[in-house]
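Observations on chain architecture
One letter stands for each residue in the lines below.
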Amino acid sequence: MRSGPMSAGGPTAAVLVLEDGRVFRGRPYGALGETFGEAVFSTGMTGYQETLTDPSYDRQIVVATAPQIGNTGWNDEDDESGRIWVSGYVVRDPARVPSNWRARRSLDEELERQGVVGISGIDTRALTRHLRERGSMRAGIFSGEAIVGEAELLARVQAQPQMKGANLCEEVATKEAYVVPAIGEKRFTVAAIDLGIKGMTPHRMAERGIEVHVLPATATVEDVYAVEPDGVFFSNGPGDPETADHPVAVMRAVLERGTPLFGICFGQQILGRALGFGTYKLKYGHRGINQPVQDRTTGKVEVTAHNHGFAVDAPLDGVSETPFGRVEVSHVCLNDGVVEGLRLLDRPAFSVQYHPEAAAGPHDAAYLFDRFASLMEPAHG
Ligand SMILES: NC(=O)CC[C@H](N)C(=O)O
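The written sequence of each chain sets the order in which its residues are numbered from 1. Restriction of local features to residues with pLDDT of at least 70 applies here, the model being predicted, together with a cutoff of 80 or more for giving and counting side-chain atom pairs; totals for whole chains, interfaces and linings are based on all residues.

For the protein chain, an unreviewed UniProt entry supplies the name Carbamoyl phosphate synthase small chain and the organism Streptomyces tricolor. What the UniProt record of the protein chain gives under Subunit (unreviewed entry) is the line "Composed of two chains; the small (or glutamine) chain promotes the hydrolysis of glutamine to ammonia, which is used by the large (or ammonia) chain to synthesize carbamoyl phosphate. Tetramer of heterodimers (alpha,beta)4." On record in UniProt, under Sequence similarities (unreviewed entry), the comment for the protein chain is "Belongs to the CarA family." UniProt positions are given in the numbering used here, feature names are shortened, and annotations may be inferred rather than shown by experiment.

Quick look at the structure:
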């Protein structure tokens, strides 16, 4: 259980190199070696286990703005998928002694066990301010023998692919369909397209009597309707939504048939595209569990969990005419006015850009799963 910041790599150095040439020196955290990804920051004070195992973080180096990380160690219950997906982890001050009744090992040990390269002991505040000013950018973490001349490290970072244009859903999604049974009496069947789904999402549906058939990202319209769904769900996921042409085509067929539809995060971006709106990359994105969102249908403000670097480009006010009828922006982020929800007025379909499954995060937005269930009531069908 006891594991200091030096335990994984000994007293060697680690270095974080950003694509614009800025360099931060620190200590190894987790595995030794080298890793690359898009450097992004998350403002969550808690919930690092859920963050690290969220498949939407594939190919991203996550910077924790909370200065101390690892206090509750790593447990056997809070994973959102079968592994850690972040490509690297950046923390300021790792907990020296994790303390929680559920902890099985330290975060440092788990990162090392899964071969995830991290760095600690750097000024994460300066790094976050840099990313906020310049935007998310490609980066590399190098430790131990991977440290060579700075010019060479920078060249390796600059040779990496950009997040814009990255098609990543199929690399993280399940290859085989599986079923998450309803908890208690079964009320509905949902086909959930896995674009990088978090484990809590089908669980939230199961809690509402929904049997969830999780299907691979490559599922066809025939695969979707083979499960005789009362509703269809499109999940969160990594990468650039502009590359996800196949899910967009499947979603259009679902909208055409008028089956109740719900999308979260990447799923909302797919809905935006299916309706004919564009998507665009945010300068530094929204990541954390403390983001204020207004539900414009009720006027209520929710504190919500976010993890998105892209957003839908839809007119905030008024109603847009689309090939699938009238659409309105149902939710908006109060920090920066980014579109956080879409609602169709002529079909039973809606989406949010944030994370009502709340793993980790506040439960303010749980009502959205009830809204999905109510769309599947026979009165709507
Ligand atoms: N959590 C998600 O679904 C993220 C969606 C998309 N990859 C983005 O960064 O915006």
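Considering helix 9 (residues 266–275)
Residue pairs three or four apart in sequence face the same way in an α-helix, which turns once every 3.6 residues. Burial in this document is a count-based property: other C-beta atoms within 10 Å of a residue's C-beta are tallied, and the residue is buried at 20 or more, exposed at 12 or fewer, or partly exposed in between, with C-beta positions derived from the backbone. The numbering of helices and of strands both runs from the N terminus, where a helix is a DSSP run of H or I of at least 4 residues and a strand a run of E of at least 2. In terms of burial, helix 9 is largely enclosed, as 10 of its 10 residues are buried. Buried residues of helix 9: Phe266, Gly267, Gln268, Gln269, Ile270, Leu271, Gly272, Arg273, Ala274 and Leu275, and no others. Within two residues after helix 9, Gly276 carries a phi angle of roughly 100°, on the positive side.

Topic: unusual backbone geometry
Note the cis peptide between Ala359 and Ala360, where omega equals 0°. Relative to the elements of secondary structure, Ala360 occurs in the loop between strand 20 (349–352) and helix 10 (367–375). One non-glycine residue, Arg59, lies in the positive phi region at around 65°. Look at Arg59 and you get buried, because 22 C-beta atoms sit within 10 Å. The phi dihedral of Ala358 is positive, around 55°, even though this residue is not glycine. Looking at where Ala358 falls in the secondary structure, it is placed in the loop between strand 20 and helix 10.

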